[in-house]
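Architecture at a glance
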Amino acid sequence: PRIPDFMPIISSPLALGGILYTGLITTAWALWIESIAFKRVPATDASIILTTEPLFAALAGALTLGETFGASDYFGATLIIGACALAVLLDGESSKEEEPLAENAS
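Residues numbered from 1 in each chain as written. Predicted model: local features only at pLDDT ≥ 70, side-chain atom pairs only at ≥ 80, totals over all residues. Heavy atoms only, no water.

Turning next to the overall build of the protein. Each helix and strand in the protein was counted, giving five helices and zero strands. Along the protein, from the amino end to the carboxyl end, the secondary structure elements read α-α-α-α-α. Evaluated residue by residue, the protein yields a buried proportion of 7% over its 106 residues. Of the accessible surface of the protein, which amounts to about 8,700 Å², a share of 70% is contributed by carbon and sulfur atoms. (Helix = DSSP H or I, 4+ residues; strand = E, 2+ residues; numbered from the N terminus. Buried < 20%, exposed > 50% of the residue type's maximum accessible area, 1.4 Å probe, protein only. Areas by Shrake-Rupley, 256 points an atom, 1.4 Å probe, with all protein chains shown as cover.)

Structure below.
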């Protein structure tokens, strides 16, 4: 296999600017802001937000680009939503179990 010639891309200011913007702004900066924000929310909430990210991306693709979904897409979305609902239910049950322990400690 031959290695592609990247010189036309590297020598183009427009292409290089697009690569830098994509790498620095939309990826690195967004992840940095996301990590700061997730320090301020409970772990369950953070995991639910990250888990549902593909659903929001698919919805954005459908609304902006007119993408359509197949049966496997709907099945995957159902699994994601079900897992999030289960996480919320299990977190709620563990919070109820911990409350009497906190009251007994004082």
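The next thing to look at is the side chain of T44. Within the secondary structure, T44 is located in helix α3 (residues 43–51). When near neighbours in sequence (up to four residues on either side) are disregarded, T44 contacts A87 and D91. (Contact = heavy atoms within 4.5 Å.)

Summed over the entire model, instances satisfying the criterion amount to one aromatic pair. Between F69 and Y74 the ring centres are 5.9 Å apart and the planes differ by 75°, which places this aromatic pair in the edge-to-face class. (Phe/Tyr/Trp six-rings, centres within 6.5 Å; stacked < 30°, edge-to-face > 60°.)

With respect to the helices and strands, the residue T52 is situated in the loop between α3 and α4 (53–65). Look at T52 and you get buried, because its relative accessible area is 13%. Residues within four places of T52 in sequence aside, it is in contact with I80 and C84.

The next point concerns the environment of D91. Structurally, the position occupied by D91 is in helix α5 (residues 71–105). Spatially, the C-alpha atoms of D91 and T44 are 7.3 Å apart, while their sequence positions differ by 47 residues.

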